[in-house]
Each structure stands twice: as C-alpha cells, then as structure tokens.
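Fold and contact review
If you want the building blocks of each chain, they are given just below.
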Amino acid sequence: MTQPSPARAPKTDSSKALYGGKGSRRITVRDIAASKTRGEKWPMLTAYDAMTASVFDDAGIPVMLVGDSMGNCHLGYESTVPVTMDEITILSAAVVRGTKRALIVGDLPFGSYQEGPVQALRNATRLVKEAGVGAVKLEGGERSAHQVELLVSSGIPVMAHVGLTPQSVNAFGGYPVQGRGEEAAQQLLRDAKAVQDAGAFAVVLEAVPAELAAEVTRSLHIPTVGIGAGLDCDAQVLVWTDMAGMTKGHVPRFVKQYAQLREVLGGAAKAFAEDVVGGSFPAEEHTFH
C-alpha cells in the first residue's frame, strides 16, 4: 500500500523568505506582515549579547527578542519582574550591534508601561533611540491596547504578548496554561483582537491550548508567535538557553532542546582546569619568547 507523501511547507520566493532569504538588509515589520500572506512560518529566538546574537544572525534567524527572560537565564533573578529598563537597554544595544539582518525586538519590562500610554511611549522611545531596536514588545491584551495604539501612532512597531504573561507571575500564582474553558478562551481571543486593532504587527501566544491558538491564528490578519501554543501558529519562539540545553534543571514542557551546550561548556572548562593543574597549559605553541 502506497504511503501518503509528507506535507510540504508552502513554497516561498527565496529572496523574500524570512528564514533562508537572500536579502542582506534589516528585516522590517513589513516583511513580517508579508510572511502571513505567503503562509510562511518563521523562527524567533531570544538573545542577550552581541556574540550569541551574531551566531543566530549567521544562522539566518530572522527575528530576535531581547526578552525580559534575561532575568531568569542571564541575570540570576528568580523571575522577569526585577528586570529594569537600564538592563534591557544595555543588552538590546549589544544584540543590535551583533547583528546585521535580524529584526531586533526589545521587551518593555515590568513597571515600564503599566502606568499608561505616556510612560510606555517614553520607555519604548528610549529602546529605539538608545539601543536601536526595530520594535518593542509588551504584555497584555485589552488592558494594554491604549499603550499599543500610542506607540504605533508614534512610529514604534509593537509586538504584543497574550496568554501566559510572565510579568504577571505574582497575580497568576505561577505559570499556568491560559485560555482553558469557554470564558477564558473568549477573553484570550478578545485580547488578541484588541492588540491587533490597536496596531500590533504580531502577537505572542504563550502557554495556550493548541486548538485555541489555531483559532486565534485563523482569526487574525497579523502573525501569531507561539511558545507552548501548538503547531498552527505562524511563528515559534524559544528562549535560546532552553533551546540549546544551557538551562539547569527543569525546562517547560513546550521546550525542545536542540543541543546540550551546558555539558559541552562544562567539559571544556574542566579540560582547561585539568591542563592548568597538570602543567600542560600553556604549551610551547601558546607561549611567547
């Protein structure tokens, strides 16, 4: 019996493709919008420094998020809540300097936009002017729609974030899946449409049942970026330290580890230490005379 052929990804113009495209200029939000029309799926990773960002840029990753996830995986905090505008700005600037093609999105951290649209504009403007990011991201649906609207009308592209919003960890009492049950599902759909109507160019759906994420994706004309939201989102994002196996201990269910860099880096450190203790480093080829 003949087996059915596996599904193939839609063909895209290689010169316009977000991943694998031939262009050398910076990707813009217009390119992101066009990808939805083409039915092109695309990857996004977080980045927090110039060197790592340059690796991802060379690998063709079209969008990088300088996320407040830096609090957990880069700065040693227990959550994203303590991350400051100074920290986001400094690391966003480093990522911009380390890249040539990727669209760099800078996160607005907790406390930098909740007061209202004017505060959001002030801090988003700082990220654009001082760090050079091409867009900003903020959490919240209907409650953040006015902030999104002012930023977009002021010329700052916005990626929204609904579902599980980590900055609300204290209100959620943890990191539960969002959108389960009819009422919660309808609220999430309203949130996604609210930020779309306010002008967001894309929306992150985090920890959302796959069926609901698929419905949201079909309902919007802007791309959805899934993280723990199933296969039907237009794009997928992971925290790079989770993706590459740098994270120690538990990782979320939705994470696939594509390498075990923690083991590799630890092995290199041990080998270096043993060479030093054993007197074999530096060898003659590492020595000046």
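For the structure itself, look to the data block above.
On a predicted model such as this, the values are computed, not experimentally measured, just so you know.

Here we look at the overall build of the protein
When helices and strands are counted, the protein shows 11 helices and 8 strands. For the protein, whose C-alpha radius of gyration is 21 Å, the value lies close to the compact-globule estimate of 19 Å for 289 residues. Seen along its three principal axes, the alpha-carbon backbone of the protein occupies a region of about 70 × 65 × 40 Å. Within the protein, the proportion of its 289 residues that are buried is 47%.

Examining the nonpolar core
Counting residues in hydrophobic clusters, the biggest one holds 59 residues, and the most contacted among them are Leu108, Val136, Leu151 and Leu205. Counting residues per element, this core draws most heavily on helix 8 (residues 182-198), which supplies 7 residues. Non-local contacts of Leu151, meaning those with residues more than four positions away in its chain, are made with Leu108, Pro117, Ala120, Leu121, Ala124, Val136, Leu138, Ile156 and Val158. With 18 residues, the next largest nonpolar core counts Leu18, Ile27, Phe201 and Ala202 among its residues.

Quick look at the packing of aromatic side chains
Enumeration over the complete set of coordinates arrives at 2 aromatic pairs. Look at Phe56 and Trp240: their rings are 5.9 Å apart centre to centre, the planes differ by 70°, and that puts the pair in the edge-to-face class. On the criterion of sequence distance, the pair formed by Phe56 in helix 2 (residues 50-58) and Trp240 in helix 10 (residues 240-243) is long-range, its members being 184 residues apart. Accessibility classification places Phe56 together with Trp240 in one group, the buried group. Where Phe272 meets Phe281, the ring centres are 5.9 Å apart and the plane angle is 70°; that geometry is what we call edge-to-face. Note on Phe281: relative accessible area 36%, which makes it partly exposed.

Quick look at the packing of helix 8 against helix 9 (residues 210-219)
The description of two packed helices rests on the angle between their axes and on the distance between the axes. Where helix 8 contacts helix 9, the axes come no closer than 10 Å and their chain directions differ by 35°. Crossing geometry of helix 8 relative to helix 9 is assigned as right-handed. Of helix 9, the residues touching helix 8 (which contributes Ala185, Leu188, Leu189, Ala192 and Lys193) are Leu212, Glu215, Val216 and Ser219.

Focus: the pattern of salt bridges
Under the definition given, this model contains 6 salt bridges. The shortest N-O distance in the salt bridge between Arg38 and Glu40 comes to 2.4 Å. The exposure class of Arg38 is partly exposed, given its relative accessible area of 23%. In this structure, Asp86 and Arg126 form a salt bridge, with 2.6 Å as the shortest nitrogen-oxygen distance. Taken together, the positions of Asp86 in helix 4 (residues 85-97) and Arg126 in helix 5 (residues 117-131) put the pair 40 residues apart, joining distant regions of the chain. A residue is classified by how much of its surface remains accessible, and Asp86, at 43% relative accessible area, is partly exposed. The exposure class of Arg126 is partly exposed, given its relative accessible area of 25%. Among the charged side chains, a network of salt bridges with common partners joins Asp86, Arg126 and Glu130.

Some thoughts on the sheet that holds strand 6 (residues 202-206)
Ordered in space as 1-2-3-4-5-6-7-8, the 8 strands form a closed barrel in which the pairing is parallel. Pairs of neighbouring strands in the sheet enclose a mean axial angle of 25°, with direction left out of account. Two elements, strand 1 (residues 42-46) and strand 2 (residues 63-66), share 3 bridges in a ladder whose sense is parallel. Opposite Met44, over in strand 2, you have Val63 as the bridge partner.

Analysis parameters
- Residues numbered from 1 in each chain as written.
- Predicted model: local features only at pLDDT ≥ 70, side-chain atom pairs only at ≥ 80, totals over all residues.
- Heavy atoms only, no water.
- Helix = DSSP H or I, 4+ residues; strand = E, 2+ residues; numbered from the N terminus.
- Rg over C-alpha atoms; globule rule 2.2 N^0.38 Å.
- Buried < 20%, exposed > 50% of the residue type's maximum accessible area, 1.4 Å probe, protein only.
- Core = buried A, V, L, I, M, F, W, Y, C linked by side-chain atoms within 4.5 Å.
- Contact = heavy atoms within 4.5 Å.
- Phe/Tyr/Trp six-rings, centres within 6.5 Å; stacked < 30°, edge-to-face > 60°.
- Axes fitted to C-alpha atoms, helices over the stretch in contact; angles between N-to-C directions.
- Left-handed = near helix turned anticlockwise from the far one by under 90°.
- Salt bridge = Lys/Arg side-chain N within 4 Å of Asp/Glu carboxyl O.
- Pairing = 2+ DSSP bridges.

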